[in-house]
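Single-letter residue listing:
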Amino acid sequence: MRIGVLGFQGAVIEHRQHIAATGHEPVVVRYPEQLATLDGIILPGGESTTMGKLLNRTGMMEPLRQRIAAGLPVWGTCAGMILLAKELVNDSTRHLAVMDIAVKRNAYGTQIDSFDTDAFIPEVSPEAVPLVFIRAPYITSVGEGVRVLCRVDGHIVAAREGNMLATSFHPELTGNSAFHLYFAEMCRR
Ligand code: GLN
């Protein structure tokens, strides 16, 4: 399958490596024309304000929103999750606004703004997966159609709504491809 990674900035190379490691073809996406050729797309971590601006400037925002609404599997990691959220509790900006989640940016504050841990996420892997959080957001509430996949310290850090997957953390920065395999399964359907 051809799995895209939005290629403006952020953890693009790392996602590409995991896609290739799971036996699929990574495609760095920078132009709207590329969207038609994809089986799924990953929105990487980075800086959501910058990525949102670049989505608008390149004319990608609306075509990408439409492709996702039409069923294109999408996975947002960290800043990518912020791009997907319909609601941002501490920011007046909205980006793709396709997923029925409310998200708090930089939710872990500045003191402990980066940490790692691990968690059992039965839907994704039978073994614990490592979770890396970097100035991470978390989900403060979810709509009816959204399934919570993982909580850390009571906060929602992974969720799924149909063709959309959102994680606060960065599986691409670990050696564990469980989330990339899980997303590839979403793309196969
Ligand atoms: N704090 C960043 C933002 O708000 C996200 C950080 C990340 O993607 N690692 O966009």
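Here's what I pulled together on the structure shown here. (Residues numbered from 1 in each chain as written. Predicted model: local features only at pLDDT ≥ 70, side-chain atom pairs only at ≥ 80, totals over all residues. Heavy atoms only, no water.)

Around the ligand sit Gly45, Gly46, Glu47, Ser48, Cys78, Ala79, Ile82, Arg105, Asn106, Ile134, Arg135 and His170, and that is every residue in its neighbourhood. Between the ligand and the protein, one listed contact pairs an oxygen atom with a backbone N or O atom of Ala79 at 3.1 Å. At a separation of 2.7 Å, a nitrogen atom of the ligand approaches a polar side-chain atom of Asn106. Protein contacts shield 96% of the accessible area of the ligand, which totals 300 Å² for the unbound molecule. Given that more than half its atoms are within 2 Å of the pocket grid, the ligand belongs to the largest pocket. Tallied by class, the residues present in the shell around the ligand amount to 4 nonpolar, 5 polar and 3 charged. (Near = heavy atom within 4 Å. Polar contact = N/O pair within 3.5 Å; in protein donor to acceptor, adjacent residues only side chain to side chain. Areas by Shrake-Rupley, 256 points an atom, 1.4 Å probe, with all protein chains shown as cover. 1 Å grid on protein atoms, 1.4 Å probe; cavity = no way out; pocket = protein on both sides within 12 Å on 5 of 7 lines; lining within 4 Å. Sits in = over half its atoms within 2 Å of the grid points. Nonpolar A, V, L, I, M, F, W, Y, C, P; charged D, E, K, R; others polar.)

This next bit is on empty space enclosed by the protein. Taken as a whole and judged by the stated rule, the model has 1 cavity of 30 Å³ or more. What the largest cavity holds in volume is close to 30 Å³. As for the largest cavity, its lining consists of Val129, Pro130, Pro171, Thr174, Asn176, Ala178 and Phe179. Those elements giving two or more residues to the lining of the largest cavity turn out to be strand E8 (129-134) and helix H5 (178-188). In the lining of the largest cavity, the residues fall into 5 nonpolar, 2 polar and no charged. (Points joined across faces, edges and corners; volume = space filled by probe spheres on them. Helix = DSSP H or I, 4+ residues; strand = E, 2+ residues; numbered from the N terminus.)

By the definition in use, this model includes 8 aromatic pairs. Relative to Tyr138, the ring of Tyr108 has its centre 5.3 Å away and its plane inclined at 80°; by these criteria the two rings are edge-to-face. Taken together, the positions of Tyr108 in the loop between strand E6 (99-104) and strand E7 (114-119) and Tyr138 in strand E9 (residues 138-142) put the pair 30 residues apart, joining distant regions of the chain. On the numbers, 5.4 Å between centres and 70° between planes, the contact of Phe169 with Phe179 is edge-to-face. A residue pair is termed long-range when its members are at least 10 positions apart, and Phe169 in the loop between strand E12 (164-167) and H5 and Phe179 in helix H5 qualify at 10 residues. Residue Phe169 is classed as buried on the basis of its relative accessible area of 0%. Of the aromatic side chains, those joined through ring pairs into one cluster are Trp75, Tyr108, Phe115, Phe133, Tyr138, Phe169, Phe179 and Phe183. (Phe/Tyr/Trp six-rings, centres within 6.5 Å; stacked < 30°, edge-to-face > 60°. Buried < 20%, exposed > 50% of the residue type's maximum accessible area, 1.4 Å probe, protein only.)

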